[in-house]
Amino acid sequence: MTPASAALTTATAAAGTHGFLSPTGVEIAFLLVGIATFGAALVTVTTKQLVHAALWLVATLGGLAVEYLLLTAEFIAWVQVLIYVGSVVVLLLFGLMLTKAPIGPSPDADSGNRWAALTVAVAAAGALVWVVVDAFRTTWIDLSGPASGSTKVTGASLFRYWVLPFEALSVLLLTALVGAIVLSRKAKADTTPTPAGTPTVPGSRREKEGAR
Amino acid sequence: MSRPSPDPRHPSAPAERTRKSIPGSGLAKGLAVTLRTMTKKSVTEQYPDTQPALPPRSRGVIGLFEENCTVCMLCARECPDWCIYIDSHKETVPPATPGGRERSRNVLDRFAIDFSLCMYCGICIEVCPFDALFWSPEFEYAETDIRDLTHERDKLREWMWTVPAPPALDAGAEEPKEIAAARKTAEKLAAAQPNPTDPTDPTGPTGPASSPDPTDPRKGES
Amino acid sequence: MNGALDVALRLLAVFVVFLTFPLIVGQTEHKVMAHMQGRLGPMYAGGFHGWAQLIADGVKFAQKEDVVPTGADRRIFQLAPAVALLPYLLVLLVIPIGPSEGAVGQAVDAGIFFVLAVMGVGVLGSLMAGWASANKFSLLGGLRTAAQLLAYELPMLLAAASVAMAAGTVSLPGITAAFEWWWLPWQIIGALVFFVAGLAELQRPPFDMPVADSEIIFGAYTEYTGLRFALFLLAEYAGIIVLCGLTTVLFLGGWHGPWGAVGLGWLWTLVKTALLAFVVIWLRVTYPRLREDQLQKLSWTVLVPLALVQIALTGIVKVMIS
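Residues numbered from 1 in each chain as written. Chains lettered and ligands numbered in written order. Predicted model: local features only at pLDDT ≥ 70, side-chain atom pairs only at ≥ 80, totals over all residues. Heavy atoms only, no water.

For chain C, the name recorded in an unreviewed UniProt entry is NADH-quinone oxidoreductase subunit H, with Streptomyces macrolidinus as its organism. Quoted straight from UniProt, the Sequence similarities (unreviewed entry) entry for chain C says "Belongs to the complex I subunit 1 family." (UniProt positions renumbered as here; feature names shortened; annotations may be inferred.)

The following block contains the structure:
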């Protein structure tokens with residue numbers, strides 16, 4: 001939800017600097033897709049059917065991928081689909097299928113602290129939007145020129161200017177991976193009398209998340 | 001991906017087990033088998049288009065040679081699931097010679113086999129002492145109604161035509177008793193009649209030439 | 001106007017390929033599988049060796065009642081076949097069949113990523129079907145589908161990354177254009193890993209655990225009837241086309257051939273794809289189904305390390321020749 005609204009706001013902010021009166025077709029498409037994505041994100045968090053929420057998440061993430069595409073960031077868009085729709089949601093659905101999630105609304109899907117959650121969400125969204133708008137206020141993507149988000153450009157900037165954060169992230173993920181393996185092994189050794197299936201599920205899940 | 005164990009039929013199998021086989025050679029062998037089978041001619045018989053060549057002793061259907069039936073009821077009584085229905089009445093035959101005694105004879109009125117009950121055990125054919133029942137390889141008598149599977153004597157008599165001729169005897173085998181008896185009678189007749197205008201075939205008197213020989217299938221059967 | 005016509009023609013061509021090629025593969029599977037088992041296969045429909053069998057099957061499917069189970073999640077249940085089928089149509093758009101500019105439905109810059117991403121979405125259809133059917137066998141099938149996808153997506157991606165490294169581009173026409181004959185031995189491990197992982201992702205035998213019909217009926221598709229079921233089957237065969245086409249383009253050089261690469265390049269692509277499709281059928285006939293644990297083991301302990309070895313090899317050779 002937060003990235004969606006952030007993208008939405010950036011779009012309006014960017015359009016604002018170039019004038020609202022004569023928006024191009026791409027800008028209109030961007031705005032419409034943004035609204036749809038935002039709507040899907042809202043449904044994701046409000047629906048009482050768990051699997052529906054996961055599938056609406058697919059719509060949200062797909063909408064985000066379309067937004068990336070409209071901003072010429074083709075590589076990022078496909079990786080978004082590959083990782084989030086292809087793996088994370090599949091993992092989510094896999095986890096849901098292991099639970100007793102019913103077909104139809106789950107009666108206990110509502111949490112008591114929804115107001116706290118809403119507050120945190122709005123605060124996070126506000127902070128993100130503020131940071132993004134402040135950072136990229138004057139940046140304008142030239143859609144007609146050579147694609148500024150193609151694989152070549154992305155790769156070059158990633159490994160030329162951002163290689164340190166990239167490597168730091170890699171190390172972080174590796175640590176998570178190793179940690180997941182260690183945790184799952186330890187849990188297995190501790191809980192030998194309990195059914196073997198239960199401790200491995202969260203372990204393998206964390207492991208997969210680490211692997212990506 | 002465990003490799004299949006070596007084929008015990010191959011004489012080289014124990015040698016292969018001791019020799020270290022290349023990993024994946026079992027997988028390759030499987031692929032070779034399917035590919036080889038593909039290049040061979042398939043064995044499918046396209047049944048409705050081409051009739052299957054059934055062996056003569058196939059248990060397809062039971063034919064009735066009703067001329068031989070004496071209504072002895074042995075078949076009906078021996079049938080394990082009671083699927084043979086026989087009705088008959090007695091007829092009095094006038095004496096063969098004037099002043100002789102009248103004889104009574106059983107006349108077959110109905111002979112039916114319910115093939116929805118029949119389990120094709122062939123006991124009726126085995127027990128028939130007069131060679132009136134025969135196996136036929138004919139099998140195309142499916143019906144849409146189960147009641148239509150009870151076939152009457154005319155139908156059973158028609159199936160007699162599909163009973164194959166028995167296989168030839170082995171060279172040097174003893175002559176069948178029936179034929180030997182028939183030949184002896186024919187020789188006696190020939191000796192009694194001095195003018196040989198009617199040279200009889202040794203097998204001739206055993207039955208009409210057009211109908212299948214009732215004695216011989218029995219020999220093929222047993 | 002000319003541009004619009006061009007786009008329409010391309011879309012039409014891809015659509016025709018999408019509708020006919022899976023049928024051809026299906027019919028070939030009928031016949032090849034039959035002959036590999038010493039049978040004849042369909043012989044009646046259409047007269048000559050049952051060539052119209054799949055058309056007859058399609059007519060039969062269209063006549064059947066479209067049943068949605070009472071307990072099912074109706075909307076998702078009905079949407080699932082489309083989610084399973086459409087991604088393959090999208091993938092077909094970007095597979096180049098010839099060397100010229102016009103020999104691809106739509107050139108995509110990050111072609112490999114597009115293809116792999118969209119194929120991953122296709123599996124979502126099976127998951128939706130498995131969950132929404134309100135049937136325990138479907139649910140088991142869905143679970144197995146998910147587990148299999150998670151296991152085999154990684155080696156497939158790594159193998160594709162290897163060939164992208166070798167070519168120095170991630171666009172499919174670019175990779176094919178950079179192909180040299182000696183890439184074949186160089187990338188052979190990657191090609192095998194890609195093909196096997198792709199087979200597993202398509203749930204083709206011997207990786208058909210998610211639809212294992214002798215134990216969980218038909219997995220996620222158990223409750224489907226009529227046209228929706230046919231769509232799932234069509235998705236499977238379209239998946240074969242896509243996988244074989246991709247392997248051809250990435251690892252076998254696509255339109256490259258000993259002769260006629262310029263004029264008859266498209267023929268080379270088709271021949272290679274057809275050969276691979278034959279191999280897919282061949283594997284199905286030959287091998288028994290892998291057990292679920294064998295499946296996972298094959299991926300994590302064989303394919304992933306092999307793919308990593310291939311990437312290392314690619315990197316070393318690439319550095320040495322540049």
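K.L.:
Can you walk me through the interface of chain C and chain B in this structure?
P.N.:
How big an interface is tends to be stated in terms of the accessible area lost upon association of its parts. Facing 18 residues of chain C, the contacting portion of chain B comprises 15 residues. Summing the contributions of chain C and of chain B, the shared interface buries around 1,400 Å²; its carbon and sulfur component is 66%. The tally of links from chain C across to chain B stands at 0 salt bridges. When contributions to the side of chain C that touches chain B are tallied by element, the ones reaching two or more residues are α1 (2–36), α11 (265–286) and α12 (292–321) of chain C. (Contact = heavy atoms within 4.5 Å. Buried area = accessible area lost by both parts, 1.4 Å probe. Salt bridge = Lys/Arg side-chain N within 4 Å of Asp/Glu carboxyl O. Helix = DSSP H or I, 4+ residues; strand = E, 2+ residues; numbered from the N terminus.)

K.L.:
Even after reading the chapter, I still don't get the environment of D66(C), so can you show me in this structure?
P.N.:
Residue and element names in this part refer to chain C. Relative to the assigned elements, D66 resides in the loop between α2 (53–63) and α3 (74–94). Taking relative accessible area as the criterion, D66 reaches 38% and is therefore assigned partly exposed. A sequence separation of 161 residues divides D66 from L227, and the C-alpha atoms of the two residues are 7.2 Å apart. With residues up to four places along the chain from it excluded, the contact list for D66 reads T225 and R228. Polar contacts involving the side chain of D66 include one to the side chain of R228, which spans 3.1 Å. (Buried < 20%, exposed > 50% of the residue type's maximum accessible area, 1.4 Å probe, protein only. Polar contact = N/O pair within 3.5 Å; in protein donor to acceptor, adjacent residues only side chain to side chain.)

K.L.:
Before we go on, may I ask you to explain the packing of α3(C) against helix α4 (residues 111–132) of chain C in this structure?
P.N.:
A pair of packed helices is captured by two measures, namely the crossing angle of their axes and the spacing between those axes. All names here are of chain C. Direction vectors running N to C along α3 and α4 enclose 165°, while the axes themselves pass 8 Å from each other. Here α3 is positioned roughly antiparallel relative to α4, judged by the angle of their axes. By crossing handedness, the relation of α3 to α4 is classed as left-handed. In contact with I76, F77, L79, A80, V83, A84, P87, Y88, L90, V91 and V94 of α3, α4 contributes F114, V115, V118, M119, V121, G122, L124, G125, M128, A129, W131 and A132. Partitioning the contact of α3 with α4 into residue classes produces 21 nonpolar, 2 polar and no charged. (Axes fitted to C-alpha atoms, helices over the stretch in contact; angles between N-to-C directions. Parallel < 35°, antiparallel > 145°, perpendicular 65-115°, else oblique. Left-handed = near helix turned anticlockwise from the far one by under 90°. Nonpolar A, V, L, I, M, F, W, Y, C, P; charged D, E, K, R; others polar.)

K.L.:
Mind showing me how you'd approach the interface of chain A and chain C here?
P.N.:
Counting residues at the interface gives 27 residues for chain A and 29 residues for chain C. When chain A packs against chain C, the two sides together hide about 2,500 Å² of surface, and 82% of this comes from carbon and sulfur. Sorting the residues of chain A by area buried against chain C places L82(A), M97(A) and I103(A) first, and these three jointly supply 28% of that buried surface. Run the count over chain A and chain C and you get 0 salt bridges.

K.L.:
Is there a simple way to think about unusual backbone geometry in this case?
P.N.:
Note on backbone geometry: most residues besides glycine have negative phi, and most peptide bonds are trans. Cis geometry marks the peptide bond from P205(C) to P206(C), where omega comes out at 5°. Backbone geometry places V71(B), a non-glycine residue, at a positive phi of 55°. Inspection of the secondary structure assignment puts V71(B) in the loop between β1 (61–64) and α3 (74–78). Accessibility expressed as a relative area gives 7% for V71(B), which makes it buried.

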